[in-house]
Amino acid sequence: MTTIPEEMYKYHTWANQTILGRIRELPPSVLSQEVNTSFPTLAHALSHIYAVDQMWYLVLTGMEMPEAFQATRPLNERVLESLDDYAHAYNELAEQFSTWFQGQPDLEQSVLLNNPFAGPRQTRLSEMVLHLVNHGSYHRGNLSTMLRQLGHASTMNDYALYWYQEPAATRG
């Protein structure tokens, strides 16, 4: 049986691939075209989503948050050369998360999260996963705005649309 946090992560993966698919329909140069918004380019936004997902993966697998943040900081500052590179990186990380979910007997387990920006807090693994998904949704919204500013339509990637896009058998 798929848990709610796992289902939400599957949605997150689907939504990332959906926005990447939309960007793939556009000229490759759009990835590095400058925009006056939250991120200088679509590539920078995609790098940020990936870096934060990787940071949370490290935390969920046992690394302290300050160390995970430092370990992934270079990922946040590095832009990849192509959309295929982003798709590959996102897919690879999704596979790691899938393996992690399979090994988790209790997503409601509470751990001490030592957030370097907000301090220590007892936090459930499920809460961290839901935060990761929420963070991705927020920045996919940035990507949609950036696409519009560049003169292109975005694509829907809402959770309710995901319900109808994914076959019921894959949702558990």
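Just above, that's the structure.
Residues numbered from 1 in each chain as written. Predicted model: local features only at pLDDT ≥ 70, side-chain atom pairs only at ≥ 80, totals over all residues. Heavy atoms only, no water.

Engineer: When you look at the overall build of the chain in this model, what are you seeing that I'm missing?
Structural biologist: When you go through the chain residue by residue, the secondary structure sums to 6 helices and 2 strands. For the chain, the N- to C-terminal ordering of α and β elements is α-α-α-α-β-β-α-α. The principal-axis extents of the C-alpha atoms in the chain amount to approximately 45 × 40 × 25 Å. Looking at the chain as a whole, 45% of its 172 residues qualify as buried. Long-range contacts, defined as pairs at least 24 residues apart, comprise 70% of the intrachain contacts of the chain with a sequence gap of at least 6. Surface exposure of the chain reaches about 9,100 Å², of which carbon and sulfur atoms provide 52%. (Helix = DSSP H or I, 4+ residues; strand = E, 2+ residues; numbered from the N terminus. Buried < 20%, exposed > 50% of the residue type's maximum accessible area, 1.4 Å probe, protein only. Contact = heavy atoms within 4.5 Å. Areas by Shrake-Rupley, 256 points an atom, 1.4 Å probe, with all protein chains shown as cover.)

Engineer: Just checking my understanding: could you explain the nonpolar core for this structure?
Structural biologist: Counting 53 residues, the largest nonpolar core has Leu42, Leu46, Trp56, Phe97 and Trp100 as its most contacted members. Of all the secondary structure elements, the ones that give two or more residues to this core are helix H1 (4–24), helix H2 (42–60), helix H3 (65–77), helix H4 (83–102) and helix H5 (125–149). Counting residues per element, this core draws most heavily on H2, which supplies 14 residues. With residues up to four places along the chain from it excluded, the contact list for tryptophan 56 reads Met65, Leu113, Met128, His131 and Leu132. (Core = buried A, V, L, I, M, F, W, Y, C linked by side-chain atoms within 4.5 Å.)

Engineer: Explain the environment of glutamine 122 here, please?
Structural biologist: With respect to the helices, strands and loops of the structure, glutamine 122 is situated in strand E2 (residues 119–124). A C-alpha to C-alpha distance of 11 Å links glutamine 122 and glutamate 108, two positions 14 residues apart in sequence.

Engineer: Before we go on, may I ask you to explain the pattern of salt bridges in this structure?
Structural biologist: Here the idea is simple: oppositely charged side chains can pair when their charged atoms come close. Under the counting rule described, the total for this entry stands at 4 salt bridges. Its salt-bridge partner being arginine 24, residue aspartate 84 comes within 3.0 Å of it at the nearest N-O pair. With aspartate 84 in helix H4 and arginine 24 in helix H1, the pair connects residues that are 60 residues apart, well separated along the chain. Under the relative-accessibility criterion, arginine 24 is labelled partly exposed at 41%. We note a salt bridge from arginine 121 to glutamate 127, for which the minimum N-O separation is 3.6 Å. (Salt bridge = Lys/Arg side-chain N within 4 Å of Asp/Glu carboxyl O.)

Engineer: Quick question: what am I supposed to make of the pairing of E2 here?
Structural biologist: It is a general feature of regular strands that their side chains alternate between the two faces of the sheet. The pairing of strand E1 (residues 110–115) with E2 spans 6 bridges and is antiparallel. Its bridge partner lying in E2, asparagine 114 is registered against proline 120. Once E1 ends, the chain turns through 3 residues before running back antiparallel as E2. (Pairing = 2+ DSSP bridges.)

Engineer: Sorry if this is basic, but what is going on with the packing of H1 against H5 here?
Structural biologist: Each pair of packed helices gets described by two things: the angle between the helix axes and the distance between those axes. The N-to-C vectors of H1 and H5 enclose an angle of 20 degrees; their axes lie 9 Å apart at closest approach. By the angle class used here, H1 and H5 are roughly parallel. The hand of the H1/H5 crossing is left-handed. Only Ser126, Val129, Leu130, Leu132, Val133, Gly136, Ser137, Arg140, Leu143, Ser144 and Leu147 of H5 make contact with H1, whose side of the interface consists of Pro5, Met8, Tyr9, Tyr11, His12, Ala15, Asn16, Ile19, Arg22 and Ile23. For the contact of H1 with H5, the class distribution of residues is 13 nonpolar, 6 polar and 2 charged. (Axes fitted to C-alpha atoms, helices over the stretch in contact; angles between N-to-C directions. Parallel < 35°, antiparallel > 145°, perpendicular 65-115°, else oblique. Left-handed = near helix turned anticlockwise from the far one by under 90°. Nonpolar A, V, L, I, M, F, W, Y, C, P; charged D, E, K, R; others polar.)

Engineer: Please clarify how the packing of H2 against H3 should be interpreted in this entry.
Structural biologist: Contact geometry of H2 with H3 gives a least axis separation of 8 Å together with a crossing angle of 155 degrees. What the angle tells us is that H2 and H3 run roughly antiparallel. Between H2 and H3 lies a crossing whose hand is right-handed. Contacts between H2 and H3 involve Ser47, His48, Tyr50, Ala51, Gln54, Met55, Trp56, Leu58 and Val59 on the former and, on the latter, Met65, Ala68, Phe69, Ala71, Thr72, Leu75 and Asn76. Residue composition of the contact of H2 with H3, by class: 11 nonpolar, 5 polar and no charged.

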